[in-house]
Every structure is written in C-alpha cells, then in structure tokens.
Amino acid sequence: QVQLVEPGGGLVQPGGSLRLSCAFSGGNFRLYTMAWFRQAPGKEREFVASITRNSGMTEYADSVKGRFTISRDNAKNTVFLQMNSLKPEDTAVYYCAARSQIEGSRRPRVYNYWGQGTQVTVSS
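What counts, and where the lines are drawn
- Starting afresh in each chain, residues are numbered from 1 along the sequence in its written order.
- This being a predicted model, a pLDDT of at least 70 is required before a residue's local features are given, and a value of 80 or more before pairs of side-chain atoms are given or counted; all residues contribute to the totals for chains, interfaces and linings.
- Hydrogens are left out, water is left out, and the side-chain values use all remaining heavy atoms of the structure.
- When two cysteine sulfur atoms are found within 2.5 Å, that pair is recorded as a disulfide.
- Every helix listed is a DSSP run of H or I at least four residues long, and every strand listed is a run of E at least two residues long, numbered separately from the N terminus.
- Only protein chains enter the accessibility calculation, which uses a 1.4 Å probe. A residue is then buried if its area is under 20% of the maximum for its type, exposed if over 50%, and partly exposed in between.
- None of His or the chain ends enter the tally, which takes Lys and Arg as positive and Asp and Glu as negative.
- Salt bridges are counted wherever a side-chain nitrogen of Lys or Arg sits within 4 Å of a carboxyl oxygen of Asp or Glu.
- The term polar contact refers here to a pair of N or O atoms within 3.5 Å; inside protein, the definition further demands a hydrogen-donor-capable atom paired with an acceptor-capable atom, and it admits residues adjacent in sequence only when both atoms are side-chain atoms.
- The contact criterion used throughout is that any non-hydrogen atoms of two residues lie within 4.5 Å.

1. Things to note about the state of the cysteines
- Across all of its chains, the model carries 1 disulfide by this definition.
- Cys22 shares a disulfide with Cys96; S-S distance 2.1 Å. In this structure the cystine formed by Cys22 and Cys96 twists about its S-S bond by roughly -80°; its chirality is therefore left-handed. Placement of Cys22 in strand β3 (residues 18-25) and of Cys96 in strand β9 (residues 92-99) is noted, with a sequence separation of 74 residues between them. We note that Cys22, like Cys96, is buried.

Below you can see the structure in the form of structure tokens.
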C-alpha cells in the first residue's frame, strides 16, 4: 500500500523560504503523478502544484506561481515543494498527494493517496 510522509513544516517569517518534502513508499514512485494541496482553517482544500510521472511537467496555482517550485527525485522516491517569498496567506496545512495517471490534476478527488499533512505558518 502506498504511503506518503511529509516532515518539514514549521513557522517562517513573511518573505522567508521553506522546503517541504514528501517521502513515497509501497509502490513504484516513477508511475505516480504527484501534487501538493493545502487547506487553511475554514477553507476548502486547494491545489498548489503538480508534477507528472513521465515528463515531469509542472503546473501551479496562480497564487503561488513564480514563488513555489515543485520537483521530484525518482532515485529517492521523494517530491519537494520549495516555497519562497512566503506570505501570511500561505499559512495552511500542506498535503502531498499521488495518483497513478499520467496527467496532473487540480481536483483533489482524483488523487488516490494522501499524506497526513504538515503545518506551515507564515507569521512575524
């Protein structure tokens, strides 16, 4: 069974940077498209970024484009989210997700597996 584990959240000041990681196990990582979502208190879970399983094509939410970068290391079965120029509105629980399809997607319901989430707080 696929498992996703996300260490690495924390507290960061506005304008700062943070890198999230998500460790994948229980399957062939190369066959999965990966994504990051986030959920702030009282809000729905929203798409942040995705990276496809074959070509490594990336897609970003408009709110993070130019500030966040998603990447994957197939040798280490890990997906990363580098977050720069962080803003207070980026505060949320961040979730890693996986789906066994070629295409990325912004819809949470099409992802088969989820991590437990990690808290990111941007505050001075």
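2. Let's talk about the side chain of Arg99
- Looking at where Arg99 falls in the secondary structure, it is placed in strand β9.
- Within the buried core, Arg99 has no salt-bridge partner, and the shortest N-O distance to an opposite charge, that of Glu103, equals 4.4 Å.
- Within the structure, Arg99 has its side chain in polar contact with the backbone oxygen of Glu103 (distance 2.4 Å).
- Aside from chain neighbours lying at most four places away, what touches Arg99 is Leu31, Tyr32, Thr33, Gly104, Ser105, Val110, Tyr111 and Asn112.

3. Details of the pattern of salt bridges
- Overall, the coordinates contain 5 salt bridges when judged by the stated rule.
- Across the pair Lys65 and Asp62 runs a salt bridge whose closest N-O atoms are separated by 3.3 Å. The exposure classification of Lys65 matches that of Asp62, with both residues exposed.
- Put simply, Asp90 and Arg67 hold a salt bridge, and the shortest N to O gap is 2.8 Å. One end of the pair, Asp90, is in the loop between β8 (78-83) and β9; the other, Arg67, is in the loop between β6 (58-60) and β7 (68-73), and 23 residues separate them in sequence.

Interpretation in functional terms is not warranted from these geometric data alone.
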